[in-house]
Amino acid sequence: MKRWVLVLTERGSDREGKRRRIAALLIGLCGLVGSWAVGGVLASDPIGYGVPIWPFADRLDRAENALLTQVVPAVRDNLPLNPAVAQVLRRTDAYGSEFWTLKFQVDGESRCREVAVGLNVTSRRVNC
């Protein structure tokens, strides 16, 4: 007499599932750390990096960006600036561009930016 025995086995091992979960966890963790690092850099000078928006820029950063957008046409055309908006601390020519160091009064706080005028107008925060 023949006996038939049904054997239930699991295909593959449980190691594959663990490896996939660990890989997904590591990818998620790297993404979280990377986004935190990028956010920290962008928050250091949101106007200079072109992201004057929340969560990187605060109220003063947005006000400074509004003042800078008023100044850019005058800087580009080499016109005198309105002293109520910005004060020119220094102007230099180097590497085919003009560099203007401007001082803004933003809600009672002094902020300085170095504006480079070449093909594009770029800026960075500097100490006053």
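Scroll up for the structure.
Only a predicted model underlies this, so the values are computations on that prediction, with no experimental measurement involved.

A. Quick peek at the pairing of strand 3 (residues 109-117). With seven of nine residues buried, strand 3 is to be regarded as a mostly interior element. Bridging between strand 2 (residues 97-106) and strand 3 involves nine bridges; their strand directions are antiparallel. Bridge pairing links Glu-98 to Val-117 in strand 3. Sheet topology places strand 3 next to strand 4 (residues 121-126); six bridges connect them, and they run antiparallel. From the neighbouring strand, Val-115 faces strand 4, where its bridge partner is Ser-123. If you look at the hairpin formed by strand 3 and strand 4, you'll find three residues sitting between the two strands.

B. Inspection of the nonpolar core at higher detail. Counting 16 residues, the largest nonpolar core has Val-71, Val-75, Leu-81, Ala-86, Leu-102, Phe-104 and Val-115 as its most contacted members. The set of elements that each furnish at least two residues to this core consists of helix 2 (59-76), strand 2 and strand 3. Discounting chain neighbours no more than four positions away, the residues touching Val-71 are Leu-81, Val-85, Ala-86, Leu-102 and Phe-104.

About the criteria used
Residues numbered from 1 in each chain as written. Predicted model: local features only at pLDDT ≥ 70, side-chain atom pairs only at ≥ 80, totals over all residues. Heavy atoms only, no water. Buried < 20%, exposed > 50% of the residue type's maximum accessible area, 1.4 Å probe, protein only. Helix = DSSP H or I, 4+ residues; strand = E, 2+ residues; numbered from the N terminus. Pairing = 2+ DSSP bridges. Core = buried A, V, L, I, M, F, W, Y, C linked by side-chain atoms within 4.5 Å. Contact = heavy atoms within 4.5 Å.

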